[in-house]
Amino acid sequence: MADNETNPVPFRGGGFSHKPSFTVWMMVFVMLILFWEFGSNIGFISNLVLPAPSEAFNAFLQLIDSGMLWKHLRASLQRLILGWTFGTLLGVGVGLLIGLFSNVRAGLSPLVSAIFAIPKIALLPLFIIWFGIGEGSKVATILFGTFFPTVIATYGGVDNVDRSLIRMGQSFGLSRLSIVRKIIIPGALPAILSGFRISASIGIILLVAAEMIGAEFGVGAYILLAGSLMATDQLIAGVSILSLMGLSMAWVIGKVENYFLKWRV
Amino acid sequence: MTGIPQSLPSSFFHFFIFMDLQLNNITHAYGDMTVLDDIDLTVSGGEIICIVGPSGCGKSTLLRLMGGLERPDSGEVLLLGEPPKSSLNPLTYIFQDFALLPWRTVEGNISLALEDHPISKQESRKIIDDVLSRTHLSDFKKAWPRQLSGGMKQRVAIARALAVRPAVMLMDEPLSALDSQTRELLMDDLIDLWMRESFTAIYVTHNLQEAVRFGHRIVVLSRRPGRVREIVKIDKPLSERGADNEELDEVQHYLWRLMRDDARAADRELLNG
């Protein structure tokens, strides 16, 4: 061992953490579309297998020109908003009851777990018998589908509220209602909102599934028709609309989170 | 012991109203495990009682029993005298983990303690401004808890406790989550607060230095099941208890000698055993 030799300490840290980069994301996206378009043009990707992005875009423009886009979109959004709103409202309500009262929990939580696992789309024929072939059954499918994950997210959130905060509330003589309103609900809100994210995507999935049965208008109906005609360009256009719907819902929920959870980092 | 003021403060903005707290034969168990055994203690108005003892001796349980957050298996906790009307919450806690709502600002956290009482907006704003200035927090009114250091968070919790004009302050290791410098500063603040207007407090700690600095009487509990082993009285007034005080060091050593074997035994005990 030479004692007059000096070496810098080798660096062994760093890594294993992520920095978000919008440029990289855009580049990947643009490259993918360009590759796809280019591949379709030179015949590397057969038009039968996958239409070129420009064709799908043309189908989309056609949809706008014919005025059908708004008809489909309006029908779909109406179902989605009705079903999701009532599903999540009821879900938050029932979730709070399960979170707050032992008897309700004992009675309902096994039931919720049991029904949660059933794909709601399998129940669609029943819903059609109960609520009719029209809007009722479609809204009901979305309502039921979004209700259960919201219940589970809500009472999970209530369970995770810091007990020491509740004890603090009691020690200051706060009423039970005040403790629920000012401590438990705000404490459970992050979990409830992430439940909303999940239920929004579930809502869109169920929307399409429900619209594939007996709907004249709706993005799902449009996709189903395109599929049965093997009009793959329209199919891609329809699927892109769904994707955009999902993105905008996530964006809205993100804004809501920023507003209500501004106390977090 | 320092003189305990006899007269009850009467003006509305007096923060502390004296009341005696009496514990008679308190015994408490969690399942088969007795944590407290036959505790008798009387706390008189304006006095600070420190409770020390080895870990797991039931110090914090005792404090929870005193404030009515838990019910003793046997024995009783009594408040002597009618709680004064101006006290919104006669028995008020200060917790080790501060217990601030992260979704409320400093101001909002203090207002939480006032909202359930019939107080006008103006009045509650006045109380909030007053307690914030007493705890040197006026500039941080709109800050979120996450922006504050541990010491500042505990100051907010102290301000919140002052806002409800307690008769007895129940302090559960209030400085234990803080680093030693902050602890020193906050201890000075607490002593200042008591000097300006004396209050009744029960101060649970495992830190003997804090106990001899702040307590008029120090209750030493034995290891589980907790019994009162000895009550040590310190006559020196709080104002004269600066650092490097030989007399206090001696008391501290005495307390440690009392606790040492118990602490060692408690340390070697199996949890939930």
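Everything discussed here concerns the structure shown above.
Read on for a plain summary of the structure. Everything quoted here is computed from the prediction, not taken from an experiment. Per chain, residue numbering runs from 1 following the sequence as it is written. All chains are assigned letters beginning with A, and all ligands numbers beginning with 1, in the order in which they are written. With the structure being a predicted model, the display of local features is reserved for residues of pLDDT at least 70 and the display and counting of side-chain atom pairs for 80 or more, all residues being used for whole-chain, interface and lining totals. Side-chain metrics rest on all non-hydrogen atoms present in the structure, leaving aside hydrogens and water.

A word on the overall build of chain B
Then, in step 1: The way it works is that DSSP assigns letters per residue, a run of H or I at least four long becomes a helix, a run of E at least two long becomes a strand, and they are numbered from the N terminus. Looking only at helices and strands, chain B features seven helices and nine strands.
Then, in step 2: By the compact-globule yardstick of 19 Å for 273 residues, chain B fits well, its C-alpha radius of gyration being 19 Å.
Then, in step 3: C-alpha extents for chain B along the principal axes are approximately 55 × 40 × 40 Å.
Then, in step 4: For every residue, the accessible area obtained with a 1.4 Å probe (protein chains only) is divided by the maximum for its type, and the residue is called buried under 20%, exposed over 50%, and partly exposed between those limits. Here chain B, with 273 residues, has 53% of them falling under the buried criterion.
Then, in step 5: Residues count as neighbours in contact if any of their non-hydrogen atoms are within 4.5 Å of one another. Sequence separation of 24 or more characterises 75% of the internal contacts of chain B that already satisfy a separation of 6 or more. Our radius of gyration is a C-alpha quantity, and the globule rule it is checked against amounts to 2.2 Å times the number of residues to the power 0.38.

Some words on the overall build of chain A
Then, in step 1: A count of helices and strands for chain A gives ten helices and zero strands.
Then, in step 2: What you see in chain A, going N to C, is helices and strands ordered as α-α-α-α-α-α-α-α-α-α.
Then, in step 3: By the compact-globule yardstick of 18 Å for 265 residues, chain A is too spread out, its C-alpha radius of gyration being 25 Å.
Then, in step 4: For chain A, the C-alpha atoms occupy an extent of roughly 85 × 70 × 30 Å along the three principal directions.
Then, in step 5: Excluding contacts between residues fewer than 6 apart, the proportion of contacts in chain A whose partners are at least 24 apart in sequence is 70%.
Then, in step 6: Averaging the positions of the 17 positive and the 12 negative side-chain charges in chain A gives two centres separated by 18 Å. His residues and chain termini do not enter the charge count, which takes Lys and Arg as positive and Asp and Glu as negative. Charge coordinates come from a single atom per side chain, which is NZ of Lys, CZ of Arg, CG of Asp or CD of Glu.

Considerations on the interface of chain A and chain B
Then, in step 1: In this complex, chain A contributes 19 residues to the contact, which on the side of chain B involves 24 residues.
Then, in step 2: Around 1,900 Å² of area is buried between chain A and chain B when both sides are counted, 66% of it from carbon and sulfur atoms.
Then, in step 3: By definition, the buried area sums, over both parts, the 1.4 Å-probe accessible area that each loses when the two are put together. Taken as a group, A:Phe172, A:Lys182 and A:Trp263 account for 39% of the area that chain A buries against chain B, more than any other trio of residues on that side.
Then, in step 4: Definition used for salt bridges: Asp or Glu carboxyl oxygen within 4 Å of a side-chain nitrogen of Lys or Arg. Taken together, chain A and chain B are joined by two salt bridges.
Then, in step 5: In protein, a polar contact means a hydrogen-donor-capable atom and an acceptor-capable atom, both N or O and within 3.5 Å, with residues adjacent in sequence counting only if both atoms are side-chain atoms; elsewhere, any N or O pair within 3.5 Å suffices. Inspection of the chain A/chain B interface yields nine residue pairs in polar contact (both at pLDDT 80 or more).
Then, in step 6: Put simply, the parts of the chain that give the side of chain A that touches chain B at least two residues each are α7 (163-171) and α8 (176-211) of chain A.
Then, in step 7: Broken down by element, the side of chain A that touches chain B gets its largest block of residues, six residues, from α7(A).
Then, in step 8: The nonpolar class holds Ala, Val, Leu, Ile, Met, Phe, Trp, Tyr, Cys and Pro. Asp, Glu, Lys and Arg form the charged class, and all remaining residues, Gly among them, are polar. Of the residues contributing to the side of chain A that touches chain B, the split by class is eight nonpolar, seven polar and four charged.

Brief notes about the nonpolar core
Then, in step 1: By size, the foremost hydrophobic cluster in this structure holds 109 residues, and its most contacted members are A:Ile183, B:Ile51, B:Met66, B:Ile202, B:Phe214 and B:Ile218.
Then, in step 2: Sort the elements by how many residues they give to this core and α8(A) lands first, with ten residues.
Then, in step 3: Excluding residues within four positions of it along the chain, A:Ile183 makes contact with A:Val161, A:Leu165, A:Ile166, A:Met168, A:Gly169, A:Leu174, A:Ser178, B:Leu101 and B:Trp103.
Then, in step 4: Only buried residues count toward a nonpolar core. Its members are Ala, Val, Leu, Ile, Met, Phe, Trp, Tyr and Cys residues joined through side-chain atoms within 4.5 Å. A:Val208, A:Tyr222, A:Ile223 and A:Ala237 belong to the second-largest nonpolar core, a separate cluster that totals 17 residues.

Observations concerning unusual backbone geometry
All names here are of chain B.
Then, in step 1: With omega at -5 degrees, the peptide bond leading from Arg224 into Pro225 counts as cis.
Then, in step 2: Of note, Pro225 is situated in the loop between β8 (217-221) and β9 (228-233).
Then, in step 3: Look at Asp38: it is not a glycine, yet its phi comes out positive at around 55 degrees.
Then, in step 4: The topology assignment puts Asp38 in strand β2 (residues 33-43).
Then, in step 5: One non-glycine residue, Arg165, lies in positive phi territory at about 50 degrees.
Then, in step 6: In this structure Arg165 comes out as buried when scored by relative accessible area, which is 3%.

Things to note about the layout of surface pockets
Residues and elements named next belong to chain A.
Then, in step 1: In this analysis the probe radius is 1.4 Å and the grid spacing 1 Å, with only protein atoms considered; a cavity is a set of points the probe fits into but cannot get out of, a pocket is an open set with protein on both sides within 12 Å along at least five of seven lines, and lining residues have an atom within 4 Å of a point. Grid points are joined across faces, edges and corners, and a volume is the space filled by probe spheres set on the points. By volume, the largest pocket is sized at about 570 Å³.
Then, in step 2: The wall of the largest pocket is formed by 16 residues, among which Phe29, Ile33, Ile236, Ser240 and Leu244 lie closest to the centre.
Then, in step 3: Contributing elements (two or more residues each) for the lining of the largest pocket: α1 (22-41), α2 (53-65) and α10 (232-260).

Brief notes about a negative patch on the surface
Then, in step 1: There is a patch of like negative charges on the surface, built from B:Asp244, B:Glu246, B:Asp249 and B:Glu250.
Then, in step 2: With respect to the secondary-structure elements, B:Asp249 resides in helix α7 (residues 246-267). Nonpolar side chains (Val, Leu, Ile, Met, Phe, Trp, Tyr) within 5 Å and like charges within 9 Å form the patches, drawn only from residues with over 30% relative accessible area and no salt bridge. In short, Shrake-Rupley with a 1.4 Å probe defines the accessible areas, and a residue's cover is counted only from the protein chains shown.

Some words on the pairing of β8(B)
Residue and element names in this part refer to chain B.
Then, in step 1: When you tally the buried positions in β8, you get five out of five residues, the bulk of the element.
Then, in step 2: Of the two faces of β8, both are covered, the one formed by Arg217, Val219 and Leu221 as well as the one formed by Ile218 and Val220.
Then, in step 3: Two strands qualify as a pair provided that DSSP identifies no fewer than 2 bridges between them. Judged from the five bridges that link them, β8 and β9 form a sheet pairing that is antiparallel. Among the inter-strand pairings, Ile218 is bridged to a residue of β9, identified as Val232.
Then, in step 4: Linking β8 to β9, which pair antiparallel, is a turn of six residues.

Purely geometric stuff here, so don't read any function into it on its own.
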